[in-house]
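# Descriptive structure summary
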Amino acid sequence: MMEKNRFSGGLKWFLPHEGANNIAYALFTFPSLAAYEEYRVKMALDAECQEAYKLAEETKCILSYERSFMRPVFE
């Protein structure tokens, strides 16, 4: 999906350089779970994000969507 960086202070996209070419990663940072939940609500209500999601559904350019939650090693 085309998440908007304006909703998240720390969004970075990563595409393959070597190896599998059908995987992309988006890494986010949020100060709290509440901030993450607020981000999800804003995205769901945003017209540009809705358009991007619709395009992804129509074109089937996203084969799977998986989320993982991690904690920083050093903080």
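Use the structure listed above.
Here we summarise the structure given alongside this text. The structure displayed is predicted, hence computed values, not measured ones.

This part is about the overall build of the protein chain. Within the protein chain, the regular secondary structure consists of two helices and two strands. Within the structure as shown, the protein chain displays about 6,800 Å² of accessible surface, and the carbon and sulfur contribution to it stands at 57%.

One pass over the structure, following the stated rule, counts four aromatic pairs. With centroids separated by 5.5 Å and ring planes inclined at 70°, the aromatic side chains of Phe30 and Tyr36 adopt a geometry described as edge-to-face. A relative accessible area of 24% places Phe30 in the partly exposed class. With relative accessibility at 15%, the residue Tyr36 sits in the buried group. Measuring from centroid to centroid gives 5.1 Å for Phe30 and Tyr39, while their planes differ by 50°, and the two rings are tilted. Looking at Tyr39, the relative accessible area reads 2%, which means it is buried.

Counting through the fold element by element, Trp13 comes out in strand S1 (residues 12–14). On the basis of relative accessibility, which here comes to 44%, the residue Trp13 falls in the partly exposed class. Linking Trp13 and Ala24, residues 11 residues apart in sequence, is a C-alpha distance of 7.2 Å.

What follows concerns helix H1 (residues 33–45). Taking 1.5 Å per residue as the helical rise, H1 with its 13 residues ought to reach 18 Å, and the 19 Å between its terminal C-alpha atoms agrees with that figure. Among all positions in H1, only Tyr36, Tyr39 and Met43 are buried. End-on view of H1: buried residues confined to an arc of 55°, all on one side of the axis. Exposed residues lying more than 90 degrees from the buried face of H1 are Ala34 and Leu45. Close packing links the buried residues of H1 with helix H2 (47–59).

This brings us to the side chain of Asp46. Locating Asp46 in the fold gives a position in the loop between H1 and H2. Of note is the side chain of Asp46, whose polar atom sits 2.9 Å from the backbone nitrogen of Cys49.

On to a nonpolar patch on the surface, then. Together, Phe14, Ile23, Tyr25, Leu27 and Met70 make up an exposed nonpolar region whose accessible area comes to about 530 Å². In this structure, Phe14 sits in strand S1. On the basis of relative accessible area, Phe14 is assigned to the partly exposed category, the value being 40%.

So, how was this worked out
- Residues numbered from 1 in each chain as written.
- Predicted model: local features only at pLDDT ≥ 70, side-chain atom pairs only at ≥ 80, totals over all residues.
- Heavy atoms only, no water.
- Helix = DSSP H or I, 4+ residues; strand = E, 2+ residues; numbered from the N terminus.
- Areas by Shrake-Rupley, 256 points an atom, 1.4 Å probe, with all protein chains shown as cover.
- Phe/Tyr/Trp six-rings, centres within 6.5 Å; stacked < 30°, edge-to-face > 60°.
- Buried < 20%, exposed > 50% of the residue type's maximum accessible area, 1.4 Å probe, protein only.
- Expected span 1.5 Å × (residues − 1).
- Arc of directions from axis to C-beta.
- Contact = heavy atoms within 4.5 Å.
- Polar contact = N/O pair within 3.5 Å; in protein donor to acceptor, adjacent residues only side chain to side chain.
- Patch = residues over 30% accessible without salt bridge, like charges linked within 9 Å, V, L, I, M, F, W, Y side chains within 5 Å.
- Salt bridge = Lys/Arg side-chain N within 4 Å of Asp/Glu carboxyl O.

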